[in-house]
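Listed here are the chains, written in short residue letters.
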Amino acid sequence: MTGAGSAAGNPVAAEDIVAFVYAEARLLDECRYEDWLDLFAEDGRYWIPAEWDQADPVMQPSLLYEDRFMLDVRIRRLRGVRTYSQKPNSRCVHVLQQPSVEAMDDAANSYRTWTPFHYVETRGDERDYFNGWARHDLMLVDGTLKIRLKRVDLVNLDAPFGNIQLFM
Amino acid sequence: MQAPYSRYRNNPDAVRALVRPREVHRDVYIDDEVFELEMEHLFANTWVYAGHASQAPEPGDFITCEIGGKPLLISRHTDGEIYVNYNRCAHKGTRIAGEASGNAGKMFRCPYHGWAFRTDGSLLSVPLRKGYDGTGFEDMPMGRGLAPVKNFRVYRDFIFVKLNDGGPDFEEFFGDSLSTIDNMVDRSPEGRLILEGAPLRYMHRCNWKMLVENQTDTCHPMVAHESSAGTAVKVWKETGRNDRHPAIELLAPFTSTYKFYEEFGIRVWPNGHGHTGVTNSIHADYSEIPGYWEKMVDAYGEARAKAILGEIRHNTVYFPNIMVKGPIQTLRVFQPLAADKTLVESWTFRLAGAPDQLFARTLLYNRTINAPTSIVGHDDLEMYERIQTGLRASGHEWVNVQRLYEEDEELDTTVVVNGTSERQMRNQFNAWVRYMTQDMDPAAAAMNPAAAAGAERPVAR
């Protein structure tokens, strides 16, 4: 995913970063969770804060703050034959506003985007609707963009939710 | 055919008939009238958790909550004490505090007509007061201020409320079960807990009692959580890593064997309280937090510190609707909203004077196990919702609670039993019947022929 940037002599171009965010959401919508996990850097994290304007993922309550290992556990569980909360399976759809590129720092190897989104997770006859902002902190690993941190802030993060089993 | 107006209202015999020694009728989980009566009787006759005093440390601080469907306002007054009032303006009924918590300053001012109340609930002022001169204002109850809740108790900063006057006092109701709260507080080197962080809020489309029963159900983890904890352990083994992963440390004990749970024991107390994990528990083998032991020894001496930290109780149910985990410093409130709807709020405490890492572990536990994003929570909620719909089936109308039942079992005693016993569930239903019927008026049943006819056993749906 470094085509345009490489052509211009930069490590990565803004349109590459935007394309990455769209492609990431599409993998989730297509239930390709294993491929999605491959987008994370080795020490990458996926974070859903539980407080507004939250500063710290571990000293303040988060709904979710997990490393690749725990995300792998989640995915393996989703595929498990004795995972009864996935009988029937859940599906999801992401509708993204065009990602805004917030930072492009080649020296620090840090590329950040901000993306308002609508998200629907459905299972059987039920459909849950979520809205918020996704922040991607990306980095290049061997010339390929990877997720250092995906942070998902829900607009109604203080409301009670039922099961959220997939990934926003 | 027209449905009977009422089967259970003012009909204590019909309510009693819902609970047998080894089984309970499905109506306790699915019947709307039973739910209404729980709000009116059970949640008014028992001491119900309302909040923690550390949420309102300064004068003017307040928190709001609902008990038995009734809005309450808990505030810290200028005298430094906690007061509990109904959250309803004495004038027209406006809910006077609109937020879950905050600071009211010197007074609560009703946003509708500006009636003002001191932070103990007493009336401070009424705009255009002369309009009430000569109208007998002073004789009206509203002239005194917000309606107070008389029966409340702040025990080691835990605020419990009993809306009705009858029934046991606080000490008699809880008895020795308070030892779990004591232990959680004593785990602070300063003997003080600070409620910190937003609660994780999780909506359940099931009856609240299923959640309470699940707290001492030790025969489900190895089955229901095979998909979460079981998968986590399996994937961890595949990595070949031999360090400790903080989340695995919390999840792996959920895969413990039946033998482990049988041996760790359940202690039941009178009035529906009880706990799992008497001699051992899933919280027994956590990593040491650097610096904590030294602080505990400084505060309590080695022997006492060892005794405090050696108490590793698993889940303590305070009847009717909270669960406390002393060793992990969490409190879950199972808030009933309807017969088939329950809001679970999971709160976290910081141990005053203890290292930050302990609070970090409390937060990790809460999001890993109690969040709507928790894989363990997903397993449990799926079961509750399947029960809520499964109970509509014909054939069996009763739900079984007879594991390790003993003939002529004497409830309302303190005893330690096999950890896979369902005795704590039976204990809860014994208390449930008592506090449901305590203030029911059987004489009123005479006014209600449908209720009288249903007295012998529940009417089939």
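A quick note: this is a predicted structure, and the numbers were derived from the prediction, not measured. (Residues numbered from 1 in each chain as written. Chains lettered and ligands numbered in written order. Predicted model: local features only at pLDDT ≥ 70, side-chain atom pairs only at ≥ 80, totals over all residues.)

Peer 1: Where do I start with the overall build of chain B in this structure?
Peer 2: Helices and strands together make up the secondary structure of chain B, namely 16 helices and 21 strands. For 461 residues, the compact-globule estimate of 2.2 N^0.38 gives 23 Å, and the C-alpha radius of gyration of chain B, at 24 Å, lies within 12% of that figure. Projected onto its principal axes, the C-alpha positions of chain B cover 85 × 60 × 35 Å. Every one of the 461 residues in chain B was classed for burial, and the buried ones make up 46%. Within chain B, residue pairs in contact and separated by at least 24 positions form 68% of the contacts whose partners lie at least 6 positions apart. (Helix = DSSP H or I, 4+ residues; strand = E, 2+ residues; numbered from the N terminus. Rg over C-alpha atoms; globule rule 2.2 N^0.38 Å. Buried ≥ 20, exposed ≤ 12 C-beta atoms within 10 Å, placed from the backbone. Contact = placed C-beta atoms within 7 Å.)

Peer 1: What is the right way to read the overall build of chain A from this model?
Peer 2: Scanning chain A for helices and strands turns up four helices and seven strands. For chain A, the N- to C-terminal ordering of α and β elements is α-α-α-β-β-α-β-β-β-β-β. At 16 Å, chain A has a C-alpha radius of gyration in line with the 15 Å of a compact globule built from 168 residues. Within the span of chain A, comprising 168 residues, buried residues form 35% of the whole. In chain A, the proportion of contacts linking residues at least 24 apart, taken out of those at least 6 apart, comes to 52%.

Peer 1: It is not clear to me how the sheet that holds strand β9 (residues 123-125) of chain B should be interpreted in this structure. Could you clarify?
Peer 2: Across a sheet, strands are paired by hydrogen bonds formed along the backbone, either parallel or antiparallel in direction. All names here are of chain B. An order of β7-β8-β9 is seen for the three strands of this open sheet, with the pairing classed as antiparallel. Each edge of the sheet is formed by a strand with only one pairing partner; in this case those strands are β7 (107-109) and β9. Strand-to-strand twist of the sheet, defined as the mean angle between neighbouring strand axes without regard to direction, takes the value 35°. With two bridges connecting them, strand β8 (residues 116-118) and β9 associate as antiparallel partners. Residue pairing for β9: Ala116 is matched across the bridge by Ser125. (Pairing = 2+ DSSP bridges. Axes fitted to C-alpha atoms, helices over the stretch in contact; angles between N-to-C directions.)

Peer 1: What is the right way to look at the sheet that holds strand β2 (residues 48-52) of chain B in this model?
Peer 2: All names here are of chain B. Spatially, three strands are ordered β2-β11-β10 in an open sheet, and the strand pairing comes out antiparallel. Unpaired on one side and paired on the other, β2 and β10 (151-155) mark the two borders of the sheet. For this sheet the average axis-to-axis angle between neighbouring strands, irrespective of direction, equals 25°. Taken together, the five bridges between β10 and strand β11 (residues 158-162) define a ladder with antiparallel strand orientation.

Peer 1: What is the right way to look at the pairing of strand β6 (residues 126-141) of chain A in this model?
Peer 2: The two faces of a sheet get side chains in turn, since along a regular strand they alternate between them. All names here are of chain A. Relative to β6, strand β5 (residues 110-123) runs antiparallel, the two sharing 13 bridges. By the bridge assignment, Phe117 is partnered in β6 with Gly132. Between β5 and β6, which pair antiparallel and follow one another directly, the connecting turn spans two residues, one of which, Gly124, has a positive phi of 60°. Hairpin connection from β6 to strand β7 (residues 144-154): two residues lie between these consecutive antiparallel strands, with Asp142 at a positive phi of about 50°.

Peer 1: What's the story with the interface of chain A and chain B in this structure? I'm lost.
Peer 2: Counting residues at the interface gives 31 residues for chain A and 31 residues for chain B. Of all the secondary-structure elements, those providing two or more residues to the side of chain A that touches chain B are β2 (62-66) and α4 (68-78) of chain A. Broken down by element, the side of chain A that touches chain B gets its largest block of residues, seven residues, from α4(A). Looking at the side of chain A that touches chain B residue by residue, the classes come out as 16 nonpolar, eight polar and seven charged. (Nonpolar A, V, L, I, M, F, W, Y, C, P; charged D, E, K, R; others polar.)

Peer 1: Explanation requested: the domain arrangement of chain B in the structure shown.
Peer 2: Accessible area lost on assembly of the parts is the figure often given for the size of an interface. Per the domain assignment, the segments making up chain B are domain 1 (49-158) and domain 2 (196-400). Once you take the C-alpha centre of each, domain 1 of chain B and domain 2 of chain B turn out to be 35 Å apart. (Domains from an automatic or database assignment.)

Peer 1: What is the right way to look at the packing of α4(A) against helix α8 (residues 226-239) of chain B in this model?
Peer 2: Helices that pack against each other are described as a pair by the angle of their axes relative to one another and the distance between those axes. As a packed pair, α4(A) and α8(B) sit with axes 9 Å apart at the nearest point and diverge in direction by 125°. In terms of orientation, α4(A) lies oblique with respect to α8(B). The handedness of the crossing between α4(A) and α8(B) comes out as right-handed. Contacts between α4(A) and α8(B) pair A:Phe69, A:Asp72, A:Val73, A:Arg76 and A:Arg77 from the former with B:Ser227, B:Ser228, B:Thr231, B:Ala232, B:Val235 and B:Thr239 from the latter. Looking at the contact of α4(A) with α8(B) residue by residue, the classes come out as four nonpolar, four polar and three charged. (Parallel < 35°, antiparallel > 145°, perpendicular 65-115°, else oblique. Left-handed = near helix turned anticlockwise from the far one by under 90°.)

Peer 1: Is there a simple way to think about the nonpolar core in this case?
Peer 2: In globular proteins that are soluble, nonpolar side chains generally tend to be buried together. Of all hydrophobic cores here, the largest spans 105 residues; its most connected members are B:Ala50, B:Leu72, B:Ile74, B:Ile159 and B:Val161. Split by domain, the residues of this core number at least three in each of domain 1 (49-158) and domain 2 (196-400) of chain B. Counting residues in each nonpolar core, the second largest holds 16 residues, with A:Val73, B:Ala229, B:Ala247 and B:Val376 among its members. (Core = buried A, V, L, I, M, F, W, Y, C linked by C-beta atoms within 7 Å.)

Peer 1: Any chance you could explain helix α15 (residues 423-437) of chain B here in plain terms?
Peer 2: One turn of an α-helix holds 3.6 residues; hence residues three or four places apart share an orientation. Residue and element names in this part refer to chain B. Taking 1.5 Å of rise per residue, 15 residues should cover 21 Å, and α15 covers 21 Å from first to last C-alpha, within 8% of that figure. Taking burial as the measure, the 15 residues of α15 include 11 buried ones, the bulk of the element. Regarding α15, the residues found buried are Arg423, Gln424, Met425, Arg426, Asn427, Gln428, Phe429, Ala431, Trp432, Tyr435 and Met436. (Expected span 1.5 Å × (residues − 1).)

Peer 1: So what exactly am I meant to see when it comes to the environment of A:Leu145 here?
Peer 2: Here A:Leu145 is to be found in strand β7. Looking at A:Leu145, the number of C-beta atoms within 10 Å reads 24, which means it is buried.

Peer 1: Just checking my understanding: could you explain the packing of helix α3 (residues 32-45) of chain B against α15(B) for this structure?
Peer 2: Residue and element names in this part refer to chain B. Across the interface, α3 lies against α15 with an axial gap of 7 Å and an inter-helix angle of 100°. When the axis of α3 is compared with that of α15, the two are roughly perpendicular. Within the contact between the two elements, α3 uses Leu37, Glu38, His41, Leu42 and Asn45 and α15 uses Trp432, Tyr435 and Met436. Tallied by class, the residues present in the contact of α3 with α15 amount to five nonpolar, two polar and one charged.

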